[in-house]
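Secondary and tertiary structure notes
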Amino acid sequence: MTSTPNATGDVTPDAPTGASSETETEYHRLGEDIRDTAAPSGPIERRWDDRMFGARLVNPANRRKIKVLVVGTGLAGASAAATLGEAGYQVETFCYQDSPRRAHSIAAQGGINAAKNYRNDGDSIYRLFYDTVKGGDFRARESNVYRLAQVSVNIIDQCVAQGVPFAREYGGLLDNRSFGGVQVSRTFYARGQTGQQLLIGAYQALERQIAAGTVTMNTRHEMLELILVPDAEGVERARGIVVRDMVTGEIESHTADAVVLATGGYGNVFFLSTNAMGSNTTATWRAHKKGAYFANPCYTQIHPTCIPVSGDYQSKLTLMSESLRNDGRIWVPKNKEDAEKDPRDIAEDDRDYYLERIYPSFGNLVPRDIASRAAKYQCDDGKGVGPGGLGVYLDFADAIERLGRPAVEAKYGNLFDMYARITGEDPYERPMRIYPAVHYVMGGLWVDYDLQTNITGLFCAGEANFSDHGANRLGASALMQGLADGYFVLPNTLADYLAGSPFEKIADDHPAVLEARQAVEERLQKMLAINGTRTVDSIHKELGQIMWEYCGMERSEEGLTKAIGLIRELQNEFWTNVKVTGTNEELNQTLERAGRVADFLELGELMCIDALNRRESCGGHFRAESQTEDGEALRHDDEFAYVSAWEHPAEVGGKPILHKEPLEYEYVEMKARSYK
Amino acid sequence: MKITVNVWRQQDAESKGSMVPYVLDEVSEHMSFLEMLDVLNEQLTLEGNDPVAFDSDCREGICGTCGVVINGIPHGPEVTTTCQLHMRTFKDGDVIDIEPWRAGSFPVIKDLVVDRGAFDRIIQAGGYISAPTGSAVEANNIPVPKADADHAFEAATCISCGACVAACPNGSAMLFTAAKITHLGLLPQGQPERDSRVLGMVEQHDAEGFGGCTNIGECTAACPKGIPLDTISRLNRDLLGALSRQTIG
Amino acid sequence: MAVSGLIMIGYLLLHMYGNLKVFAGKEAFDEYAHHLRTFGEPMLPYEGLLWIVRVVLLAAIIVHVYAVVVLWRRNRKAGAVRGARRYYSKKNRTGIQRSYASFTMRWGGLVVLAFIVYHLLHLTTNDIAPGGASDSPYERVVNGFEIWYVVVAYTIAMLAVGFHLWHGIWSALTTLGQNRSSNRIDSRLTGLAVVVTLVITLGFLMPPWAIFLGLEA
Ligand SMILES: Cc1cc2nc3c(=O)[nH]c(=O)nc-3n(C[C@H](O)[C@H](O)[C@H](O)COP(=O)(O)OP(=O)(O)OC[C@H]3O[C@@H](n4cnc5c(N)ncnc54)[C@H](O)[C@@H]3O)c2cc1C
Ligand code: HEM
Ligand code: HEM
Ligand code: SF4
Ligand code: F3S
Ligand code: FES
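All values derive from a computational prediction rather than experimental measurement.

Turning next to the arrangement of the chains. The highest contact count of any of the two pairs of chains in contact belongs to chains A and B. The two units chain A and chain C never meet; even their closest C-alpha atoms stay 20 Å apart.

Following this line, the structure appears as structure tokens:
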């Protein structure tokens, strides 16, 4: 543990040293500033219309000849592929699961935001825009966020038309709930399974196009490389991908006129997270290594109400809806000695309801990052409960007394059942134990307003890009973004790019294709040949521990520097001592994992470098050196109001290059968040 | 706990498989069933043996990727997914049989991993509402009675895991098919394609080689999402209606 | 399949009603047997209706057996692993909510078929005549059922029929779209199936046992 001050201790805010003038540090080099040249200027509410009007169109008859690859079939990928298929393009899609419907979007519980204002409670596109910019702690682009709020209303219409069974009121109209600390009710939901229902809607639209022959689906295919081919003017364009057929091990290349990555988030770099077992960074990391900028990699969202780890065999963490904090009270024992005791035997006076104490006005309902960090401090202090002392109580005793057990059951029954199933404890009888867990990443491939990366012809959508949430994502906004990108944004902006196609056909034996395939084959063979003594999972777990400890809820210069060293050692350990059993020519799950972990090891390092560079606290990124006197996050807008877009160094072992995209706020005034 | 597992090992689709016993000395009751298999795999890998292939992704009971037959019951003795089953359901010294889903239309790929692509093809045959992007009307223009919406939701919670097929003595996928028919058939938006949907999906179901349903009911008992049996009757009603309309004109 | 089964069930109900006339005595029963043959005269020839019934029944049985064979083969393929048991585990052979009746449909059905053949030879064509042939159907019945092994054979057959119907009635109605319940056990149709099955089985069993025990009129 680093010796950083905590919320209750004394703090000296560190004035950041003048870093912007540095062009090179121990860990990175500074590149040219970049700009989002695709976004139109003018009044914000007209920008998207202007962009659509300005976009070139593709004649329907020509669309048949144009091919697009979509990697990923989550909300972003499935909706994009279905829509492009409907428009008449030839689409080819890929996912690593055995069915497109299993993408991790399926696990989203809470809901999806939209500025419908059905409650007549003063919501509007502008308010959703405002809340999102502010929620993102002023590290998102205004243009993007405004567009997101605009199309949010169409998303709901679209989903309802597809048969998504949203919750309804007795009158038959759509129901809403409030979510994530905003004051209006704008969240649409389908019990605790909103992501599932939205994804099934997009999946069905996709299957319809597969039946119609416009989309070809490749399940159990993992993208392992991006193919770039220079055009006549020498511009490198994304023209294809290399994939591995996970059943036969065959390495295939697919070429097209454009490539879309919608491959989800990389939270699994922490090993333990609420992401699916297979969630990975491979597609985006391979693209990054081919030149795509990786933006804000250090912005991770840590969710306060997850079920704590129960032992070192733990393979993943389970999220429990945030709504529990509406009625549950969070506490830890005042005395460390009580941590092992049965909580019911701890007297009221010996309990510390620390959120209610420190944040009297918001109490247990402070935002995610604050609640998470507060829990960490209590546990660091030795007051944590449950296995390993990593947990705090979430107590419903008061609520049960006040509302009665049936009311609590009606509201939270399914969550309580889930908790009981996983932990074997009855939450009606004894307080739940909760602990924060990695849940979402705001960082991702850098894209412009058109969702195009800096590689021409390579687009990126959904959680895989960095675009709309700044340093922190509001609850129920990721589903909104995924579907906005896939149904409405990408099909328009991609068309503009495709208007310049079809490009020259790329043969299967084109040197660029052969080279990419060969790189993939060599890498796989290399991993299989090491035959060391460490399992892939043991290395992944170790990486996760390093990341959680030093690049988790609280980061410090000392910790991050240490982490970078440890990760580099671990990279070496991987490439010299990992044990990957079996061969490539079969279903080989160890080999699949090894490839993903190899990429996580590199990404983890970049995350630490990014976190080290950003000597301010904002949203999901909390630097110990940058807090107010009472331990709250302290932004440094004068210095860090930019997107960090990282370029991979051309030379082996070189330092990553930081390009800054300055952020300007014309509509929302930058203010400090306060929840006291 | 000490647990012995008998696991179906099969190198690939063509090979002949067999049950192979493994002993695990230290199983915690808090482990999930799949974490127990993870531990087994770490052990096998370190011994230089091929780890057991099995599918899982979300490990939250929602994606439908996981699923093995445990002691003869799909997803094991509790009504939940394999990933949500915990070892506290078992006792020290237990011998647990673990096999893949078995059905002609779910060929084994390796060990406990099977190919469920047939499900996607059944959906392709009509398991959707045609609503091209951009064509939608304002969402609240068509009210849906809450009871219908709730029922549709209940049917829509099918996670496409395939346990129903694995449990059905006839290898029928009728519960899966019926869940989709019910979900879309209960909504006003689903009406225009109601006949073509049921005809297409049932035809594809049969073409995929799934068995015929004789109303045995094992499927609902094994279904982790409790998809109710009356969905099958609803499918039959729709089918009879569609067939009669088709023959009469 | 469902329709053919239901036709046969319909016949069984009538048939049982007829058989119960055994209790009304020889006259009534023979009268009934005769009536069967003359019903509809002169519009229909002698035995006309009976022949219609016979044709319908025969058709139903043929359709039924054909459907069974097709379904059986298809389901074997759908569930099976070539040349091996489906599941090696022996721990869940009886399933969770299936009924005993549901997995004896095929063999039970064969028993019923064998019985019908025997039964026709016995009581309709009178080719096999345990206890002595007779022109009076009543006599044939009574003669037959005074012998214990005939009664036992009929009893076994009736139980087989009972099992077949227990699942068959529920299944046929569900196939026709009538089930509204979330599982088999709670369904009202299961209740209906059990009642009809009991009525038919007991109804059929009464005459032989009554005769055997000497209780007939
Ligand atoms: C437990 C949980 C609860 C959540 N709840 C909410 C909520 O209530 N509201 C909300 O708004 N957001 C929520 N989120 C966040 C939200 O679900 C995700 O951010 C969003 O669904 C991501 O969608 P996506 O389409 O970008 O990616 P995903 O759905 O993750 O899809 C990724 C796709 O890419 C494919 N893929 C990945 N790598 C490769 C590769 N190398 N090769 C080929 N294919 C690949 C996968 O197969 C998959 O099809 C939640 C997230 C989690 C984890
Ligand atoms: C000739 C010999 C018979 C055989 C081999 C036979 C076999 C079967 C089989 C294998 C099934 C079905 C599948 C199942 O639901 O498990 C079935 C269903 C059924 N049988 Fe029979 N049966 C025979 C005679 C009869 C008779 C005589 C009757 C009625 C009196 C009958 C009534 C039914 C009914 C109602 C069904 C249910 C149909 C459905 O599921 O839709 N069967 N039979
Ligand atoms: C113990 C019970 C039964 C008794 C006492 C009985 C009695 C009889 C008698 C007396 C006849 C001859 C009627 C006549 O020729 O006028 C007959 C015919 C017949 N019985 Fe039964 N029966 C019994 C059970 C059954 C069952 C269970 C079935 C079917 C599954 C069945 C099917 C038939 C058929 C198909 C005929 C031929 C009808 C015809 O002539 O077309 N019987 N039965
Ligand atoms: S109906 Fe139930 S058992 Fe069958 S696939 Fe759906 S969820 Fe699984
Ligand atoms: S178990 Fe099989 S027979 Fe029908 S009711 Fe279920 S599909
Ligand atoms: S792994 Fe997703 S349902 Fe079990």
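Residue and element names in this part refer to chain C. Among the 23 residues in the neighbourhood of ligand 2, the closest are listed as His64, Met105, Gly109, His164 and Ser171. His64 is positioned such that a nitrogen or oxygen atom in its side chain is 2.7 Å from a nitrogen atom of ligand 2. Thr175 places a side-chain nitrogen or oxygen 3.5 Å from an oxygen atom of ligand 2. Within the residue set of the shell around ligand 2, elements represented by two or more residues are helix H1 (2–20), helix H3 (48–79), helix H4 (105–124) and helix H6 (148–175). A per-element tally of the shell around ligand 2 places H6 first, with seven residues.

All names here are of chain B. In terms of domain boundaries, chain B breaks down into domain 1 (3–110) and domain 2 (116–248). Here the C-alpha centroids of domain 1 and domain 2 sit 29 Å apart. Contacts between the two partners involve 18 residues from domain 1 and, on the opposite side, 19 residues from domain 2. Three residues stand out in domain 1 for area buried against domain 2, namely Pro74, Ser105 and Phe106, and they jointly supply 38% of the buried area on that side. Linking domain 1 with domain 2 are zero salt bridges, by the criterion used here. Summed over the shared surface of domain 1 and domain 2, the result is seven residue pairs in polar contact (both at pLDDT 80 or more). Residues that form the side of domain 1 that touches domain 2 fall into these classes: nine nonpolar, seven polar and two charged.

As a further point, take the site of ligand 1. Near ligand 1 there are 39 residues, and of these Thr73, Gln97, Ser105, Met223 and Glu463 of chain A occur at the shortest range. More than one chain approaches ligand 1, the contributing ones being chains A and B. In the environment of ligand 1, an oxygen atom lies 3.1 Å from a nitrogen or oxygen atom belonging to the backbone of Leu75 of chain A. One nitrogen or oxygen atom from the side chain of Glu463 of chain A is found 2.6 Å from an oxygen atom belonging to ligand 1. Contact with the protein chains hides 97% of the accessible area of ligand 1, taken as 1000 Å² for the molecule alone. Applying the majority rule of atoms within 2 Å of the grid points places ligand 1 in the largest cavity. Broken down by secondary-structure element, the contributors of at least two residues to the shell around ligand 1 are helix H3 (75–87), strand E7 (221–230), strand E16 (432–441) and helix H12 (478–498) of chain A. With three residues, E7 of chain A is the largest single contributor of residues to the shell around ligand 1.

A separate point is empty space enclosed by the protein. All names here are of chain A. Across all of its chains, the model carries 11 cavities of 30 Å³ or more by this definition. By volume, the largest cavity is sized at about 890 Å³. Forming the walls of the largest cavity are 50 residues, and the residues nearest its centre are His104, Ser105, Gly264, Gly265 and Glu463. Counting only elements with at least two residues in the lining of the largest cavity, the list comes to H3, E7, helix H7 (282–289), E16 and H12. At four residues, the largest contribution of residues to the lining of the largest cavity is made by H12. There is about 140 Å³ of room inside the second largest cavity. Every residue lining the second largest cavity is counted, 15 residues in all, and those nearest its centre are Leu224, Arg523, Leu524, Met527 and Gly595. Listed by contribution, the elements that provide at least two residues to the lining of the second largest cavity are E7, H7, helix H13 (511–530) and helix H16 (589–613). Examining the composition of the lining of the second largest cavity, we find that five residues originate from one element, H13, more than from any other. Looking at the lining of the second largest cavity, its residues break down into six nonpolar, two polar and seven charged.

The rules behind the values
- Residues numbered from 1 in each chain as written.
- Chains lettered and ligands numbered in written order.
- Predicted model: local features only at pLDDT ≥ 70, side-chain atom pairs only at ≥ 80, totals over all residues.
- Heavy atoms only, no water.
- Contact = heavy atoms within 4.5 Å.
- Near = heavy atom within 4 Å.
- Polar contact = N/O pair within 3.5 Å; in protein donor to acceptor, adjacent residues only side chain to side chain.
- Helix = DSSP H or I, 4+ residues; strand = E, 2+ residues; numbered from the N terminus.
- Domains from an automatic or database assignment.
- Buried area = accessible area lost by both parts, 1.4 Å probe.
- Salt bridge = Lys/Arg side-chain N within 4 Å of Asp/Glu carboxyl O.
- Nonpolar A, V, L, I, M, F, W, Y, C, P; charged D, E, K, R; others polar.
- Areas by Shrake-Rupley, 256 points an atom, 1.4 Å probe, with all protein chains shown as cover.
- 1 Å grid on protein atoms, 1.4 Å probe; cavity = no way out; pocket = protein on both sides within 12 Å on 5 of 7 lines; lining within 4 Å.
- Sits in = over half its atoms within 2 Å of the grid points.
- Points joined across faces, edges and corners; volume = space filled by probe spheres on them.

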